[in-house]
Amino acid sequence: QSVLTQPPSASGTPGQRVIITCSGSRSNIGSDYVYWYQHLPGTAPKLLIYRDNERPSGVPDRFSASKSGTSASLAISGLRSEDEADYYCAAWDGSLSGVFGGGTKLTVL
Amino acid sequence: EVQLVESGGGMEKPGGSLRLSCAASGLTFRNAWMSWVRQAPGKGLEWVGRIRSKTDGGTTDYAAPMKGRFTISRDDSRNTVFLQVNSLKTEDTGAYFCTTVGYKYGFGSFDFWGQGILVTVSS
């Protein structure tokens, strides 16, 4: 059971907008930043979003994120086949312990 | 370009020990906080622990399930971070990733990752 809760799966067709949610508590999302990672199995996970809604250089602006209270969400617009991957939210719990969501497997139909 | 390369994985027996290494390049390693994240087969990412830079005390934090059997250390002269796991259990099987913590993109982000190293614990 992960500390952060994500839906196990999501899907969309090319060009669509998909939203992945992440629910936590006051001790993690409610009091610290949220991060999002993209992971294609067999490769290194990649930082997608940091500090709730900022994108590292090289991450397309099709990826955006927001946070409200103890929940966060990742939006992917203009869905592409190469976006098919596992997506994880993460935060720090009590500032000392890193926590991940269980991951959401995104399928591009 | 930051590069992290893990080594030391393989097959181990339950009850045994292993030490994973992560060699870093392309960064000022002594300033970097480092972390380990693992992924069991078919499961999600799980944070193992982190080590601060020596400037920030060089201290460690661990996920609650990892306390006692897992030890993270660093050798700044070799730009390398280590993960020692004792009393191995079959549930320690999985891929282990080395990451930087907040090196470039915000304090707290796992901003650069290694490719991961596989560990199999089986009798």
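Above this text sits the structure in question.
Residues numbered from 1 in each chain as written. Chains lettered and ligands numbered in written order. Predicted model: local features only at pLDDT ≥ 70, side-chain atom pairs only at ≥ 80, totals over all residues. Heavy atoms only, no water.

Quick notes on the interface of chain B and chain A
Okay, step 1: Taken residue by residue, the interface counts 24 residues in chain B and 20 residues in chain A.
Okay, step 2: When the two sides are added together, the surface that chain B and chain A hide from each other amounts to roughly 1,800 Å², 62% of it contributed by carbon and sulfur.
Okay, step 3: The three residues of chain B that bury the most area against chain A are B:L45, B:W47 and B:Y105, which together make up 34% of that side's buried surface.
Okay, step 4: Taken together, the links from chain B to chain A amount to zero salt bridges.
Okay, step 5: Our enumeration of links across chain B and chain A arrives at six residue pairs in polar contact (both at pLDDT 80 or more).
Okay, step 6: With four residues, the top contributor of residues to the side of chain B that touches chain A is strand β5 (residues 45–51) of chain B.
Okay, step 7: Grouping the constituent residues of the side of chain B that touches chain A by class yields ten nonpolar, seven polar and seven charged. (Contact = heavy atoms within 4.5 Å. Buried area = accessible area lost by both parts, 1.4 Å probe. Salt bridge = Lys/Arg side-chain N within 4 Å of Asp/Glu carboxyl O. Polar contact = N/O pair within 3.5 Å; in protein donor to acceptor, adjacent residues only side chain to side chain. Helix = DSSP H or I, 4+ residues; strand = E, 2+ residues; numbered from the N terminus. Nonpolar A, V, L, I, M, F, W, Y, C, P; charged D, E, K, R; others polar.)

Brief notes about unusual backbone geometry
Okay, step 1: Residue A:D52 is not a glycine yet carries a positive backbone phi of 75°.
Okay, step 2: Its relative accessible area of 13% is what places A:D52 among the buried residues.
Okay, step 3: The phi dihedral of B:N79 falls on the positive side, at around 50°, and the residue is not glycine.
Okay, step 4: Mapped onto the secondary structure, B:N79 falls in the loop between β7 (70–75) and β8 (80–85). (Buried < 20%, exposed > 50% of the residue type's maximum accessible area, 1.4 Å probe, protein only.)

Topic: the pattern of salt bridges
Residue and element names in this part refer to chain B.
Okay, step 1: Using the criterion set out here, one finds eleven salt bridges over all chains in the structure.
Okay, step 2: With its nearest N and O atoms 2.9 Å apart, the salt bridge here joins R50 to D61. Of this pair, R50 sits in strand β5 while D61 sits in strand β6 (residues 60–62), and the two are eleven residues apart along the sequence.
Okay, step 3: On the basis of relative accessibility, which here comes to 2%, the residue R50 falls in the buried class.

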